[in-house]
Amino acid sequence: MELIQKEPGLDAYLAASEAINHTHPRVRDTSAALWADTGDAYSYARAAFEYVRDAIPHSADSGDPRVTWRASDVLATRTGICYAKSIALAALLRHRGIPTALCYQLLGEDDGSDQVVHGLVAVRLPGDDTWRRQDPRGNKPGVDARFSLDRERLAFPVRPHLGEIDYPDLHATVPAPVLAALQQAEDRAALWRTLPTSLP
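Every value quoted in this text rests on a predicted model; they were computed, and no experiment measured them.

Scanning the entire structure with this criterion turns up four aromatic pairs. Ring centres 5.8 Å apart and planes at 50° place the aromatic pair Phe49 and Phe147 in the tilted group. Taken together, the residues Phe49 in helix α2 (residues 41-55) and Phe147 in the loop between β4 (132-134) and β5 (165-166) connect sequence positions 98 residues apart. On the basis of relative accessibility, which here comes to 6%, the residue Phe147 falls in the buried class. Above the face of the Trp192 ring, Arg188 is positioned so that its terminal group lies 5.6 Å from the ring centre.

Below is the structure:
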């Protein structure tokens with residue numbers, strides 16, 4: 001699949017926003033700690049991915065009812081769904097000057113029912129003119145996502161025969177339906193009822 005930049009320049013994929021608030025002290029401090037243990041863009045990107053994947057449980061796995069959507073809040077509370085964890089990873093990577101996009105899949109149950117939009121990221125590392133998708137959702141039995149630059153190791157490869165979709169668009173900001181669902185949900189139970197079932 002060919003990934004499509006929604007914005008022509010890479011600067012948009014380095015920008016801060018209300019959600020991807022990579023100038024916040026919590027993001028800066030987390031980034032500094034990860035950078036101190038790595039020191040180059042490639043190892044930092046892997047460390048940031050593994051930190052978000054492993055140190056911040058997916059709230060559906062942990063049972064945490066809180067809904068987070070700002071990167072700084074995801075890092076502070078150490079909880080979030082796939083959208084929130086992708087926002088946090090984007091902030092950590094953008095803080096170090098690594099272009100990072102938000103991207104999405106449409107996934108469902110094994111019978112094709114209950115399809116919802118799933119969030120992940122794509123990164124473009126120095127010296128590489130190709131976007132590489134990474135999924136920091138968090139592993140569990142049956143899910144084994146890995147940071148990989150040679151072949152995708154996503155949490156959920158799509159199953160086209162069930163109507164699942166890899167959306168090709170690379171978003172510089174959080175799409176409106178995703179952000180609205182996060183911001184308006186009182187708790188995760190409410191969020192589960194309003195997860196986007198498609199993207200424009």
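Structure's up, so let's keep going.
Turning next to the packing of α2 against helix α5 (residues 82-95). It is at 10 Å that the axes of α2 and α5 come closest, and there the two elements cross at 155°. In terms of axis orientation, α2 runs roughly antiparallel to α5. Pair α2 / α5 crosses with right-handed handedness. Where α2 abuts α5, its residues Tyr44, Ala45, Ala48, Phe49, Tyr51, Val52 and Arg53 lie against Lys85, Leu89, Leu92 and Leu93. Of the residues that constitute the contact of α2 with α5, the class distribution is nine nonpolar, no polar and two charged.

The next subject is the pairing of strand β3 (residues 116-123). Summarising burial for β3: seven of the eight residues are buried, a large majority. Both strand β2 (residues 100-107) and β3 contribute to a ladder of eight bridges, which runs antiparallel. Residue Gln105 lies in a different strand from β3, and its bridge partner there is His118. The pairing of β3 with β4 spans three bridges and is classified as antiparallel.

The next point concerns α2. The end-to-end C-alpha separation of α2 is 20 Å, in line with the 21 Å expected for 15 residues at 1.5 Å each. The inward-facing, buried residues of α2 contact α1 (25-36), α4 (71-77), α5 and β4.

Within the secondary structure, Arg193 is located in helix α7 (residues 188-194). A sequence separation of twelve residues divides Arg193 from Ala181, and the C-alpha atoms of the two residues are 9.3 Å apart. A polar side-chain atom of Arg193 sits 3.4 Å from the main-chain carbonyl oxygen of Ala189.

Another point: empty space enclosed by the protein. Inspection of every chain in the model, using the stated rule, returns one cavity of 30 Å³ or more. As for the largest cavity, its lining consists of Ser59, Arg66, Val67, Thr68, Gly80, Ile81, Ala84, Leu182 and Leu191. Here the lining of the largest cavity is built from residues that sort into five nonpolar, three polar and one charged.

All right, on to the layout of surface pockets then. By volume, the largest pocket is sized at about 690 Å³. Forming the walls of the largest pocket are 27 residues, and the residues nearest its centre are Leu107, Gly108, Glu109, Val116 and Phe156. In terms of residues, the lining of the largest pocket owes the most to one element, β3, which gives three residues. For the lining of the largest pocket, the per-class residue count stands at 14 nonpolar, four polar and nine charged.

What counts, and at which threshold
- Residues numbered from 1 in each chain as written.
- Predicted model: local features only at pLDDT ≥ 70, side-chain atom pairs only at ≥ 80, totals over all residues.
- Heavy atoms only, no water.
- Phe/Tyr/Trp six-rings, centres within 6.5 Å; stacked < 30°, edge-to-face > 60°.
- Helix = DSSP H or I, 4+ residues; strand = E, 2+ residues; numbered from the N terminus.
- Buried < 20%, exposed > 50% of the residue type's maximum accessible area, 1.4 Å probe, protein only.
- Lys NZ or Arg CZ within 6 Å of the ring centre and 35° of its normal.
- Axes fitted to C-alpha atoms, helices over the stretch in contact; angles between N-to-C directions.
- Parallel < 35°, antiparallel > 145°, perpendicular 65-115°, else oblique.
- Left-handed = near helix turned anticlockwise from the far one by under 90°.
- Contact = heavy atoms within 4.5 Å.
- Nonpolar A, V, L, I, M, F, W, Y, C, P; charged D, E, K, R; others polar.
- Pairing = 2+ DSSP bridges.
- Expected span 1.5 Å × (residues − 1).
- Polar contact = N/O pair within 3.5 Å; in protein donor to acceptor, adjacent residues only side chain to side chain.
- 1 Å grid on protein atoms, 1.4 Å probe; cavity = no way out; pocket = protein on both sides within 12 Å on 5 of 7 lines; lining within 4 Å.
- Points joined across faces, edges and corners; volume = space filled by probe spheres on them.

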